[in-house]
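Report on the structure
One letter stands for each residue in the lines below.
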Amino acid sequence: MPEPASAEPVLRVVDFSKKYEGKPAVDHLTFDIAAGEILGLVGPNGAGKTTTLRTIAGILPIKEGNIRIFGFDIDRDEVEAKKYLAWVPDDPQPFDTLTVYEHLEFYAALHKVQNWQQRAEELLTRFELQEKRDALGGELSRGMRQKLSFCCAWLPKPKIVLLDEPLTGLDPRGIRSAKQSIVELASEGTAVILSSHLLDLVAELAHRILILNRGRRIFAGTIAEARATIAVRADATLEEIFMTATENAGDSAAGTSAAASPPPKIE
Amino acid sequence: MITHPALALLTKRKLRGAFRKQIRRTKTAKGAAFAIIGLLVILLWYGSVILGQSFSRNYGSAPAPVDPQRAVLMAQFGFFSLLFINLISSLGHRGLYIPKDEIEVLFSAPVSRSAIIRYRLTINILKSMFGALLLSFFAMRRVPVPIFGFFGTFVAIQTLPIYGQLLSLLSGNAENKFFDRIPKGAVRAFTTIAVVAVIAAFALLFMPGRDFWDKIAQRITNEGGTGILQNQIVSYIMAPARPWAGMATAASAPEFFKWFSVSIGIWMLLFFVASRIPVDYRELSLETSADVAKRLQRVRRGGGGSGVFKLSPRVVGWRAPWIFGRGVFGALAWRKSMSMLRKARVALMVSITIIALCSIGVSFMILNRSPERMEPWFSGLASLLGCIYLSNFLRFDFREDLDKIDILKTYPAACWKIFVATLIPQTTLVTALLYGMLIIKGVITRTFHPAIPLFAAAIPIFTFIWIAVDNVIYLFAPTRAVAGQDTMLQNAGRAFVLLLLRMFILSITFAGAAIPVGIAVLIINIFAGIPESAGQLLYGAGFLVGLAFALLEAAVLAWAGGLALRRFDVASDRP
């Protein structure tokens with residue numbers, strides 16, 4: 001992987017906690033990400049990955065801790081902070097009555113992108129949606145919805161992209177396009193947080209990884225550092241590192257309460 | 001209104017998209033036919049309201065003179081009732097309701113929360129326009145100057161969503177700050193009681209042509225100053241509705257414009273306050289949107305009726321008996337029975353209560369008149385109406401299985417058998433409830449007319465016919481019924497066609513039954529000296545022939561249902 005463009009953090013999460021009905025979903029989480037960096041966010045189900053991403057995206061309110069995007073507090077300077085962000089949810093829900101092209105028109109207006117049409121055409125071509133440009137959102141398959149979500153996120157050339165299980169439902173060509181465009185985006189200086197259970201994908205793309213378990217950070221660093229500190233073997237894969245890390249953390253957390261259920265996700 | 005350019009664009013595009021989707025649906029012959037019929041039905045409905053209004057003004061008898069003070073009070077009470085229902089129901093939508101396809105996009109976008117509120121408020125106001133127009137036309141009848149009544153009602157209805165939204169935001173904020181969580185069951189129970197109370201009060205005051213109701217209405221608003229609505233405290237409570245009442249019942253233009261200015265001022269103030277209120281509604285909105293999305297999904301799957309109810313985890317241990325055997329038919333029917341048992345807990349309780357109350361009511365109506373003469377008529381009518389109501393309310397048919405039809409078609413059974421087995425549990429349940437009604441009535445009235453066994457034999461056949469017609473049409477032209485969505489025209493058209501077909505089939509059934517009974521009557525009249533017992537026997541024979549005819553009709557419908565299921569193409573017919 002090429003090295004990140006800058007070491008200066010563009011997103012800083014400090015001591016962030018989130019509780020649901022009194023139970024911790026995320027527990028005193030601190031991390032940051034620099035421009036051009038791809039951060040792989042991994043953890044078992046209920047680890048707090050989606051809650052963390054949705055809070056950074058401004059979907060969930062922040063009550064404990066602090067999140068800053070280019071210095072803007074996501075709580076106090078919400079609109080300013082969100083200008084730099086793009087969010088790709090794990091199950092994108094396009095507007096039923098808008099065509100693919102109208103989605104891009106709307107996102108261009110939302111992020112005040114001037115002369116967006118040429119970039120929209122490029123993205124439609126890249127994600128093989130040209131033939132579907134006049135299809136309604138409600139008519140798209142799971143994979144097409146995911147591709148449309150990428151196009152909408154990529155359109156304003158965001159400085160930070162939050163991806164939650166981005167490859168779900170994509171065909172092999174779609175997966176290749178998505179991976180290429182994530183790498184290209186990062187090489188242009190965009191910080192990417194990639195949350196996924198596909199550990200091979202994370203190992204392939206991420207500069208650093210952040211492992212969460214039961215809402216707590218159990219490791220943050222490069223895979224080489226993880227091998228040195230967590231793994232039993234020097235050539236351990238990310239899967240082996242993940243298993244060891246979460247088992248150890250599970251042992252140490254035994255007896256503590258399980259992480260809380262996240263807020264409802266709309267089916 | 002909408003100040004953010006992207007949200008204004010979204011509104012325009014969504015509106016255009018809704019039209020486009022409607023037009024795309026009319027590209028098939030079925031879609032076009034149902035849309036045209038639906039459009040005609042809606043136009044005729046509106047047209048009849050407008051023309052009826054104009055006709056009664058121009059050609060009808062002169063309206064009774066309205067006491068101005070009483071008119072204002074009644075209008076104020078009417079508007080206040082609507083406001084109250086709106087406020088109570090808005091407690092169920094905590095925070096700001098945002099549809100599932102918008103919520104994550106809007107919350108993660110660089111758009112302020114007040115801009116989102118303004119956008120949603122505008123959408124809600126636009127959505128309420130259809131109902132506002134209709135109610136405004138209705139309101140023109142009972143006011144001194146119809147046009148003032150129209151605009152007064154229109155402005156009032158268009159202000160209700162803002163009041164409701166303001167309360168949702170404030171109650172959501174209070175819940176965030178002061179209560180961990182208000183039990184939803186308590187809110188629902190309170191809402192139901194309040195809505196029923198207001199509807200009852202409304203009916204009490206406005207039911208026309210009933211001396212009893214008129215007397216009560218007069219007592220509430222009597223001119224002696226002791227009426228409930230003239231009470232000082234009540235008038236303070238109803239004060240928010242005063243400007244609308246003043247506008248709707250104004251007798252002169254200056255009076256109308258005075259109240260109009262006040263009403264518009266209140267509208268603007270409420271809109272401003274609702275959009276500026278410093279409440280973080282995100283978590284509540286996520287919950288509300290998830291709840292509404294689930295409910296809509298159940299409506300889409302269940303097609304209304306009891307399919308809307310949630311699967312109750314408390315009844316997981318309950319098991320339905322294998323009433324129809326252990327074969328393929330029995331297995332299919334058992335699967336449906338289990339669905340009914342586990343989903344329709346609340347619906348069943350409601351149905352049993354309604355049936356019990358109706359039985360008691362019918363029994364006393366029979367007792368107050370001539371039991372021997374009235375009983376068969378009351379029993380027949382109550383069975384008919386009960387069947388129609390219960391078949392629609394306790395609906396467990398192919399709507400519930402729309403997403404599983406490909407699986408159903410793979411079962412090792414003839415399609416007609418699958419069709420019948422799917423509908424038979426609902427038929428049995430409705431029949432059992434109606435039998436219960438006849439038994440309660442028999443116990444209270446202590447009469448048992450010889451016609452009752454004949455009714456009992458007719459009930460399951462008629463119920464099956466009623467349900468089967470609906471399902472045959474549904475399988476030929478399936479729609480996912482969600483009120484207020486883009487299939488409104490098709491749904492209206494489909495409902496109208498269904499009504500006509502049911503009436504047609506019902507008339508054939510009655511004609512088939514009436515002809516032999518008519519022949520029996522003719523024979524009795526010709527041979528006047530025929531003994532009474534022989535006459536009754538002839539009636540009974542005629543009824544049985546009619547029943548046989550109905551059975552034949554049920555068989556034809558079972559065949560048609562099988563055909564519809566066989567030709568159902570899951571690739572194209574599933575909407």
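For the structure, check the block above.
Let me begin by describing the structure that accompanies this report. Note that this is a predicted model, so its numbers are computed, not measured.

A few words on the overall build of chain B. Counting its secondary structure elements, chain B contains 21 helices and zero strands. Evaluated residue by residue, chain B yields a buried proportion of 46% over its 575 residues.

Right, let's talk about the overall build of chain A for a bit. For chain A, the helix and strand inventory stands at nine helices and 10 strands. Residue burial in chain A is summarised as follows: out of 267 residues, 54% are buried. Looking at chain A alone, contacts between residues at least 24 apart form 69% of all its contacts between residues at least 6 apart. Entry remark: accessible area of chain A is about 11,400 Å², with carbon and sulfur atoms responsible for 48%.

What follows deals with the sheet that holds strand E8 (residues 191-195) of chain A. Residue and element names in this part refer to chain A. Ordered in space as E6-E7-E8-E3-E9-E10, the six strands form an open sheet in which the pairing is mixed. Strands with a single pairing partner mark the edges of an open sheet, and in this sheet they are strand E6 (85-88) and strand E10 (216-221). Put simply, the sheet's adjacent strands are angled 15° from each other on average, direction ignored. Pairing of strand E3 (residues 38-42) with strand E9 (residues 208-213) involves four bridges; the strand directions are parallel. Residue pairing across strands places Leu39 opposite Arg208, the latter belonging to E9. The strands that helix H5 (residues 142-154) touches are E6 and strand E7 (160-164); relative to E6, the one it contacts most, it runs at about 175°.

The subject of this paragraph is the sheet that holds strand E1 (residues 9-20) of chain A. All names here are of chain A. Pairing within the open sheet is antiparallel, and its four strands lie in the order E2-E1-E4-E5. Of all strands in the sheet, those with a lone pairing partner are strand E2 (23-34) and strand E5 (72-73), marking the two edges. Across eight bridges, E1 lies against E2 in antiparallel orientation. Looking at the pairing, Tyr20 lines up with Lys23 of E2. With respect to the sheet, helix H1 (residues 49-56) is in contact with E1, E2 and strand E4 (64-69), its orientation differing from that of E1 by roughly 120°.

We now examine the interface of chain A and chain B. Taken together, the contact between chain A and chain B spans 37 residues of the former and 37 residues of the latter. The junction of chain A with chain B conceals about 3,500 Å² of combined surface from both sides, 59% of it contributed by carbon and sulfur atoms. Here chain A is connected to chain B by eight salt bridges. Across the chain A-chain B interface, the total number found is 10 residue pairs in polar contact (both at pLDDT 80 or more). When residues of the side of chain A that touches chain B are traced back to their parent elements, those giving at least two are E1, helix H2 (78-82) and helix H3 (100-110) of chain A. For the side of chain A that touches chain B, the element with the highest residue contribution is H3(A), accounting for six residues. Class assignment of the residues belonging to the side of chain A that touches chain B gives a composition of 19 nonpolar, five polar and 13 charged.

We now examine helix H19 (residues 452-476) of chain B. For an α-helix the count is 3.6 residues per turn, leaving residues at separations of three or four pointing the same way. All names here are of chain B. Here H19 contains 25 residues, and its C-alpha end-to-end distance of 36 Å stays within 8% of the 36 Å for a straight helix at 1.5 Å per residue. For H19, the principal kink sits at Ala458 and spans about 30°; a proline, Pro460, occurs within the next four residues. Burial analysis of H19 places 20 of its 25 residues in the buried class, which makes it a mostly covered element.

Take the nonpolar core next. By size, the foremost hydrophobic cluster in this structure holds 139 residues, and its most contacted members are A:Leu11, A:Ile56, A:Trp154 and A:Ile193. When residues in this core are grouped by element, the largest group, 10 residues, is from helix H7 (residues 146-178) of chain B. Look past the residues within four positions of A:Ile56 in its chain and what remains in contact with it is A:Leu11, A:Val13, A:Phe31, A:Ile67, A:Ile69, A:Ile74, A:Leu85, A:Leu162 and A:Ile193. If you look at the next biggest cluster of nonpolar residues, it comprises 35 residues, including B:Leu402, B:Ile465, B:Ala468 and B:Ala554.

Under the counting rule described, the total for this entry stands at 32 salt bridges over all chains. Notably, a salt bridge pairs A:Glu80 with A:Lys83, separated by 2.9 Å at the nearest N-O pair. On the basis of relative accessibility, which here comes to 33%, the residue A:Glu80 falls in the partly exposed class. By sharing partners, the salt bridges in this structure join A:Glu78, A:Lys82, B:Arg113, B:Asp280 and B:Arg282 into a single network.

Looking down a regular strand, the side chains alternate between one sheet face and the other. All names here are of chain A. Of all the five residues making up E8, five are buried; the element is thus mostly covered by neighbouring parts of the structure. In the sheet, E3 pairs with E8 via four bridges, with the strands oriented parallel. Residue pairing across strands places Leu41 opposite Ser195, the latter belonging to E8. Relative to E8, E7 is paired through five bridges, and the arrangement is parallel. Across the sheet, residue Leu163 finds its bridge partner in E8, namely Leu194.

Once that is clear, we can look at unusual backbone geometry. Residues and elements named next belong to chain A. A positive phi angle, near 50°, is found at Lys157, a position not held by glycine. Looking at where Lys157 falls in the secondary structure, it is placed in the loop between H5 and E7. For Lys157, a relative accessible area of 52% translates into the label exposed. For Arg214, which is not glycine, the phi torsion reads 50° and is therefore positive. Residue placement: Arg214 occurs in the loop between E9 and E10.

Residue and element names in this part refer to chain A. At a minimum axis separation of 11 Å, H3 and helix H4 (residues 117-126) run at an interaxial angle of 135°. The orientation of H3 with respect to H4, classified from their angle, is oblique. The two elements H3 and H4 cross, and the hand of that crossing is right-handed. For the pair formed by H3 and H4, the contact residues are Val100, Tyr101 and Leu104 on the first element and Gln117, Ala120, Glu121 and Leu124 on the second. Among the residues forming the contact of H3 with H4, the class breakdown is five nonpolar, one polar and one charged.

All names here are of chain A. Examined bridge by bridge, E9 and E10 share five bridges and lie antiparallel to one another. When the sheet's bridge partners are listed, Ile211 is paired in E10 with Phe219. Between E9 and E10, which pair antiparallel in sequence order, lie two residues; one of them, Arg214, sits at a positive phi of approximately 50°.

Attention shifts here to a nonpolar patch on the surface. Where nonpolar side chains cluster on the molecular surface, the patch consists of B:Phe476, B:Phe549, B:Leu552, B:Val556, B:Trp559 and B:Leu563 and spans about 560 Å² of accessible area. A per-element tally of the nonpolar patch places helix H21 (residues 532-567) of chain B first, with five residues.

So, about the environment of B:Leu166. Residue and element names in this part refer to chain B. One can find Leu166 in helix H7. With a relative accessible area of 12%, Leu166 lands in the buried category. Spatially, the C-alpha atoms of Leu166 and Phe271 are 8.6 Å apart, while their sequence positions differ by 105 residues. Those residues in contact with Leu166 that sit more than four places away from it in its chain are Leu270, Val273, Ala274 and Ile277.

All names here are of chain B. Where helix H5 (residues 113-127) meets helix H12 (residues 253-276), the closest approach of the two axes is 8 Å, and the angle between their N-to-C directions is 135°. Judged by the inter-axis angle, H5 sits oblique to H12. Each of Ser114, Ile117, Arg118, Leu121, Thr122 and Ile125 in H5 lies in contact with H12, whose residues at this interface are Trp267, Phe271, Ala274, Ser275 and Arg276. In terms of residue class, the contact of H5 with H12 is made up of six nonpolar, three polar and two charged.

The rules behind the values
- Residues numbered from 1 in each chain as written.
- Chains lettered and ligands numbered in written order.
- Predicted model: local features only at pLDDT ≥ 70, side-chain atom pairs only at ≥ 80, totals over all residues.
- Heavy atoms only, no water.
- Helix = DSSP H or I, 4+ residues; strand = E, 2+ residues; numbered from the N terminus.
- Buried < 20%, exposed > 50% of the residue type's maximum accessible area, 1.4 Å probe, protein only.
- Contact = heavy atoms within 4.5 Å.
- Areas by Shrake-Rupley, 256 points an atom, 1.4 Å probe, with all protein chains shown as cover.
- Pairing = 2+ DSSP bridges.
- Axes fitted to C-alpha atoms, helices over the stretch in contact; angles between N-to-C directions.
- Buried area = accessible area lost by both parts, 1.4 Å probe.
- Salt bridge = Lys/Arg side-chain N within 4 Å of Asp/Glu carboxyl O.
- Polar contact = N/O pair within 3.5 Å; in protein donor to acceptor, adjacent residues only side chain to side chain.
- Nonpolar A, V, L, I, M, F, W, Y, C, P; charged D, E, K, R; others polar.
- Expected span 1.5 Å × (residues − 1).
- Bend = angle between axes of the 7 residues up to and from the residue.
- Core = buried A, V, L, I, M, F, W, Y, C linked by side-chain atoms within 4.5 Å.
- Parallel < 35°, antiparallel > 145°, perpendicular 65-115°, else oblique.
- Left-handed = near helix turned anticlockwise from the far one by under 90°.
- Patch = residues over 30% accessible without salt bridge, like charges linked within 9 Å, V, L, I, M, F, W, Y side chains within 5 Å.

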